[in-house]
Each structure stands twice: as structure tokens, then as C-alpha cells.
Amino acid sequence: VQLQASGGGLVQPGGSLRLSCTASGGIFSIITMAWYRQGPGKQRELVATITRDGTTSYADSVKGRFRISRDNAKLTLYLQMSSLKPEDTAVYYCNSPLPDGGIRYTWGQGTQVTVSS
């Protein structure tokens, strides 16, 4: 399965973006999916997760600003980001987290989000 993230770009602080991640196949509709990000000089971190039944969770740093959603028919994961801050600058990836802390699929290329005036 390949994961293709898109929708990134340059946005001013306070702006919004919607990211998409489409899977090439697999068991997308029955697994938990998540967005991750890796900022410059930082380790990759978990941003938001959504279970097969739509239950969501968020990192404290994005709670109230980001919203994760999914369209199982389209095999697509979304991340609506608003009130963006410079510290949100990162490459954003999607994947499926495993119970042991690992990830289910090989990392895709990700999509760059830059928040700057």
C-alpha cells in the first residue's frame, strides 16, 4: 500500500489548509489512521488519530485547531488545519499506527506545510 499526502503549501500565521492522504488500497476502512509531522530538526510526532468508527484524538499542541476526518469510500484521510502557527511548519505524513507504537505502512513522501509571514 502506498500513501500519498497532498495539500501542503505556504500560509501566513492564522491561516488554514486542508491536507489529504490517499491510500492505494489495502484495508483502509477498518484500521485506525493518523497524521504525523516532522518539523525542521525535530523528531516525527503524532498529530491526530481517527479510528475506524470515527473516534478522534489530538496532540495537545493542535487540539482545537486541527480536525482529522476520513472518507472510507475514497480511501482518503483529511486534516483540516486552522489558526496555523509558525511552529506548525513541518512535513506532514499519514500512516496507520500499530498497538506497539509502530506504523503499518512504509512512509510516503509527505507534504510540506510552511507557516510564515
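Residues numbered from 1 in each chain as written. Predicted model: local features only at pLDDT ≥ 70, side-chain atom pairs only at ≥ 80, totals over all residues. Heavy atoms only, no water.

(A) Expanded view of the packing of aromatic side chains. A complete count under the given rule lists two aromatic pairs for this structure. Centre to centre, the rings of Y36 and W107 are 5.0 Å apart; their planes meet at 85°, and the pair counts as edge-to-face. A residue pair is termed long-range when its members are at least 10 positions apart, and Y36 in strand β4 (residues 33-38) and W107 in the loop between β9 (90-95) and β10 (111-115) qualify at 71 residues. Residue classification places Y36 among the buried positions, given a relative accessible area of 8%. For W107, a relative accessible area of 27% translates into the label partly exposed. Between the aromatic rings of Y93 and W107, the centroid separation amounts to 5.6 Å while the plane-to-plane angle is 70°, which identifies the pairing as edge-to-face. Of this pair, Y93 sits in strand β9 while W107 sits in the loop between β9 and β10, and the two are 14 residues apart along the sequence. Following the ring pairs from residue to residue traces out a cluster consisting of Y36, Y93 and W107. Over the ring of W107 we find R44; its NZ or CZ atom is 3.8 Å from the centre of that ring. Across from the ring centre of F28, 4.9 Å away, lies the NZ or CZ of R70, which sits over that ring. (Phe/Tyr/Trp six-rings, centres within 6.5 Å; stacked < 30°, edge-to-face > 60°. Helix = DSSP H or I, 4+ residues; strand = E, 2+ residues; numbered from the N terminus. Buried < 20%, exposed > 50% of the residue type's maximum accessible area, 1.4 Å probe, protein only. Lys NZ or Arg CZ within 6 Å of the ring centre and 35° of its normal.)

(B) Examining the side chain of R65 more closely. Inspection of the secondary structure puts R65 in the loop between β6 (56-58) and β7 (66-71). Overall, the relative accessible area of 11% leaves R65 in the buried class. Sequence-distant contacts of R65, that is, excluding residues within four places in its chain, are made with Q80, M81, S82, S83, L84, K85 and D88. (Contact = heavy atoms within 4.5 Å.)

(C) Geometry of unusual backbone geometry. Residue L75 is not a glycine yet carries a positive backbone phi of 55°. L75 gets classed as partly exposed once you look at its relative accessible area, which sits at 24%. Its identity as a non-glycine residue notwithstanding, S83 has a phi of 50°, on the positive side. Structurally, S83 can be placed in the loop between β8 (76-81) and β9.

(D) Quick peek at the nonpolar core. W35, F66, L77, L79, M81 and Y92 are the most contacted members of the largest nonpolar core, which totals 27 residues. Of all the elements, strand β3 (residues 17-23) adds the most residues to this core, at four residues. Excluding residues that lie within four positions of it along the chain, L77 makes contacts with L19, S20, C21, F28, M33, A34, W35, I50, I68, S69, R70 and C94. (Core = buried A, V, L, I, M, F, W, Y, C linked by side-chain atoms within 4.5 Å.)

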